[in-house]
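# Examination of the molecular architecture
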Amino acid sequence: MKQRLNFLFAGMAMLITLNISAQQAVNKNTTLSYTRLTSGLNVPTFEGGRTDFAMNDINDNGHVDLISIGDHGSPWINSTQHGVMVWFNDGQGNFTLHMNGNFGYGGIAVGDVNNDGLKDIGYGMHHNYSSTNFGNQLIEVALGDGTGLNWTPYDQGLATNGETWGMFGTDFGDVNNNGLLDLVSISFGCCAGFHVYLNQGDGSWIPSFGLLGNNSDMLIQFADLNNNGHLDFIAGHALGTAYFGDGTGNFTQNDNGLPYYGESATRNGISVGDVNNDGSHGFAFINNNGGVEVWEFDDAANTWVNYSGNLPTSGSFQLTQLFDMNADGFTDVMAFGSRTFQLWLGDGTGNWTPDATFQTDATPGTARAFRVGGDLNQNGHGDIVLLANEGSWWSYQNKLYVYAENTVPDELWIRNLYPKGHEKFYPGSVRFIEWASAVPDAVPSSVKIEISPTGTGGPWNLVADNLPNNGKYQWTVPDFGSDDVYLKFTVSTAGETVSHVSSVPFSILGTTTILPGDANCDGSVDMLDVITIVNYIMGSNPQPFCFENADTDANGIINLLDVIATVGLVF
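Everything quoted here is computed from the prediction, not taken from an experiment.

As a further point, take the overall build of the protein chain. Counting secondary structure elements, the protein chain contains 4 helices and 37 strands. Considering only C-alpha atoms, the protein chain reaches an extent of 90 × 50 × 50 Å along its principal axes. A separation threshold of at least 6 residues defines the contact pool for the protein chain, and within that pool the share at least 24 residues apart is 58%. Only carbon and sulfur atoms are counted for the fraction: they give 52% of the accessible area of the protein chain, which is about 21,400 Å².

Rendered as structure tokens:
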């Protein structure tokens, strides 16, 4: 025993913790500019009508890809589109297309629905023409195998709540905070309404909420609109725009304060984002005059508040996006329509500074799809994908445009985009952590995420390590019960490592349950916990690891005394 103790003391004496923690310099140029990417993006040929895109690293190789199920031309209708289409990005501005399936014309979402660590997809569609289970329903979910090439149906019970004719915009989110991604989908125009389905974790889904009838603008997104830890959603639908969740899968409409456009009118071109940095999400839309509006919900006053400021009240815009394009901590707003893209930089108070603008090639340039945020060239700034309709009414065709921001990074940096502060989460719920990172020369890089429920000084618990540096990680919220939670992001290349700690805390609701000695978080105290604590002291970073349980004397330090105390608890 004496020799073992000496070994432990020697190990602790040799333990060196290298903690590079510095606020990173982020390129805060007031002007962003974009270059169109074309290599590999001239296929397939599109046709007409609306569609949607996801920007996501579908095969987890560190490069953000593009995913869609196409416009009215899919499958094989006056076009070469069909099924699930993935444009694989090599990180150097080149893309390779792969298509799988005999269906299309709809919206798409990406997430891990069965928690196996691989990206899956969900989609609503109008052309459910497949003769197999893959592509024969109006709403489907399909499991991925990690390649982005192959998909397995996981969709029993979807599209069984009165949906007819077609569905479209689709999103994933954990509405009942049980650790599984649920789904919402909205009608293709009139009259199937919108519907929420709860994921049962076995390939089956049950409807929890839905409405039928009236008109749709075909876009819908989950977000926490009142910062109570429960997901809500914004719908481009005449039956109402803002629906607030109760954490069980039920929702209540509250459009109080929003402008009224008529019984059959929708708010068009919706998008969501935290505009005023209060932890809740607001939304943007195109008003009836083609202008751009941004609103945030005031929970205390139970009303929506106009944050549109100096944005144009009229114009010819058709779709919006909200995202922090220059990674300065403030959400920006973008609009596209009639050939014209316009970016306004936000300051968190409703003041908007016009920034980058450009036009697509040909008239009329009607907006058919618009997504931003994925960093295609790893320079730390969000990029753009859009689809514009061009030509005369007898020779029209949709045309794909993809743009990358032009900043050339001269240093390695990383910073958090979400959560960015003041958010509230329930333990066990699934949310998406997002970050921005610039990597000079786009060399291979990886990311580590750590969490501290006790302030910026730590101790830090591992969330995930060796992540591809693709800007997004699906996260199950731990049971910490704290209002002082921070994330630490570390980006590493072969020759350099840089860290960033989020500057504003967020909250994990509830009270942390502490079981002294249960270092491996399995609900019991045994010799495995002793080994886990020793491994932690020796610097091997065991996972899972519950710091508060291992810190048996609650002094904020884990050392030999905690090992001895845990041995005492075992025996």
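Residue position: R50 is located in the loop between β1 (34-37) and β2 (54-56). At 3.0 Å, the side chain of R50 and the backbone oxygen of D217 are in polar contact. Excluding residues that lie within four positions of it along the chain, R50 makes contacts with G70, D71, H72, Y105, F168, D217, M218, L219, L319, A367 and R368.

It is worth spelling out the state of the cysteines at this point. Scanning the model with the defined rule gives 1 disulfide in all. With a sulfur-sulfur separation of 1.5 Å, C190 is cross-linked through a disulfide to C191. Classification of the bridge connecting C190 and C191 rests on its S-S torsion, roughly 80°, and on that basis the disulfide is right-handed.

Before going further, it helps to spend a moment on the domain arrangement of the protein chain. The domain architecture assigned to the protein chain consists of domain 1 (267-407), domain 2 (413-508) and domain 3 (527-570). A C-alpha centroid distance of 26 Å is found between domain 1 and domain 2. If you look at the interface, domain 1 gives 16 residues, while domain 2 gives 17 residues. Across the interface of domain 1 and domain 2, roughly 1,100 Å² is buried in total on both sides, 52% from carbon and sulfur atoms. Among the residues of domain 1 in contact with domain 2, G279, A327 and Q378 are the three that bury the most area, contributing 42% of the side total. There are 0 salt bridges connecting domain 1 and domain 2. Of the residues belonging to the side of domain 1 that touches domain 2, the class tally is 2 nonpolar, 9 polar and 5 charged.

Let's shift gears to helix α4 (residues 560-570). Considered for burial, the residues of α4 that qualify are L560, D562, V563 and T566. End-on view of α4: buried residues confined to an arc of 160°, all on one side of the axis. Of the residues flanking the start of α4, the one acting as N-cap is N559, its side-chain oxygen 3.0 Å from the backbone nitrogen of L561.

Nonpolar side chains in soluble globular proteins tend to end up buried together. Of all hydrophobic cores here, the largest spans 39 residues; its most connected members are W304 and I384. Residues lining this core come from more than one domain, with at least three contributed by each of domain 1 (267-407) and domain 2 (413-508). Core analysis: the next-biggest nonpolar cluster, separate from the first, contains 23 residues, L412, Y418, W435 and I449 among them.

Attention shifts here to the sheet that holds strand β24 (residues 340-346). Taken in spatial order, the 4 strands line up as β22-β23-β24-β25 in an open sheet, and their pairing is antiparallel. Both edges of this open sheet fall to β22 (319-323) and β25 (352-359), since each of them pairs with a single strand only. The sheet shows a mean angle of 20° between the axes of neighbouring strands, direction not considered. Relative to β25, β24 is paired through 6 bridges, and the arrangement is antiparallel. Bridge assignment links L345 to a residue of β25, and that residue is T353.

Right, let's talk about helix α2 (residues 527-537) for a bit. The complete set of buried residues in α2 reads D529, V530, T532, I533, V534 and I537. A distance of 3.0 Å separates the backbone nitrogen of L528 from a side-chain oxygen at the start of α2, and that oxygen is part of D526. Positioned one or two residues after α2, G539 has a phi angle of 90°, which is positive.

A separate point is the sheet that holds strand β7 (residues 120-127). Strand order across the open sheet formed by 4 strands is β6-β7-β8-β9, with antiparallel pairing between neighbours. The open sheet has two free edges, formed respectively by β6 (104-111) and β9 (151-153), since each of these has just one partner strand. If you compare each strand with its neighbour and ignore which way they point, the axes differ by 30° on average. Pairing between β7 and strand β8 (residues 139-144): 4 bridges, direction antiparallel. Bridge pairing links Y123 to E140 in β8.

Bringing unusual backbone geometry into the picture now. Most of the time, phi is negative for any residue but glycine, and the peptide bond is trans. With an omega of 5°, the peptide bond running from S74 to P75 counts as cis. Its location among the elements puts P75 in the loop between β3 (65-68) and β4 (84-89). For the bond running from C190 to C191, omega is 20°, close enough to zero to count as cis. Along the polypeptide, C191 turns up in the loop between β11 (182-187) and β12 (194-199). In this structure, Y105 takes a positive phi of about 70° despite not being glycine. Mapping Y105 onto the fold places it in strand β6. The buried category is assigned to Y105, whose relative accessible area is 7%. Although it is not a glycine, R339 adopts a positive phi angle of roughly 80°. By the element assignment, R339 lies in the loop between β23 (332-337) and β24.

Before going further, it helps to spend a moment on the packing of aromatic side chains. Applying the stated rule across the entire model yields 38 aromatic pairs. A ring pair is formed by Y105 and F188, whose centres lie 5.1 Å apart and whose planes are at 65°; its orientation type is edge-to-face. You can see Y105 sitting in strand β6 and its partner F188 sitting in the loop between β11 and β12, a full 83 residues away along the chain. For the pair formed by Y105 and F188, the shared burial category is buried. Judged by centre distance (5.5 Å) and plane angle (70°), the rings of F194 and F233 are edge-to-face. With F194 in strand β12 and F233 in strand β15 (residues 232-237), this residue pair connects regions lying 39 residues apart in the sequence. Taken individually, F194 and F233 each receive the classification buried, so the pair is uniform in this respect. In this structure, K472 packs its charged tip against the face of F432, placed 5.4 Å from the ring centre.

Thresholds, definitions, all that
- Residues numbered from 1 in each chain as written.
- Predicted model: local features only at pLDDT ≥ 70, side-chain atom pairs only at ≥ 80, totals over all residues.
- Heavy atoms only, no water.
- Helix = DSSP H or I, 4+ residues; strand = E, 2+ residues; numbered from the N terminus.
- Contact = heavy atoms within 4.5 Å.
- Areas by Shrake-Rupley, 256 points an atom, 1.4 Å probe, with all protein chains shown as cover.
- Polar contact = N/O pair within 3.5 Å; in protein donor to acceptor, adjacent residues only side chain to side chain.
- Disulfide = S-S within 2.5 Å.
- Domains from an automatic or database assignment.
- Buried area = accessible area lost by both parts, 1.4 Å probe.
- Salt bridge = Lys/Arg side-chain N within 4 Å of Asp/Glu carboxyl O.
- Nonpolar A, V, L, I, M, F, W, Y, C, P; charged D, E, K, R; others polar.
- Buried < 20%, exposed > 50% of the residue type's maximum accessible area, 1.4 Å probe, protein only.
- Arc of directions from axis to C-beta.
- Core = buried A, V, L, I, M, F, W, Y, C linked by side-chain atoms within 4.5 Å.
- Pairing = 2+ DSSP bridges.
- Axes fitted to C-alpha atoms, helices over the stretch in contact; angles between N-to-C directions.
- Phe/Tyr/Trp six-rings, centres within 6.5 Å; stacked < 30°, edge-to-face > 60°.
- Lys NZ or Arg CZ within 6 Å of the ring centre and 35° of its normal.

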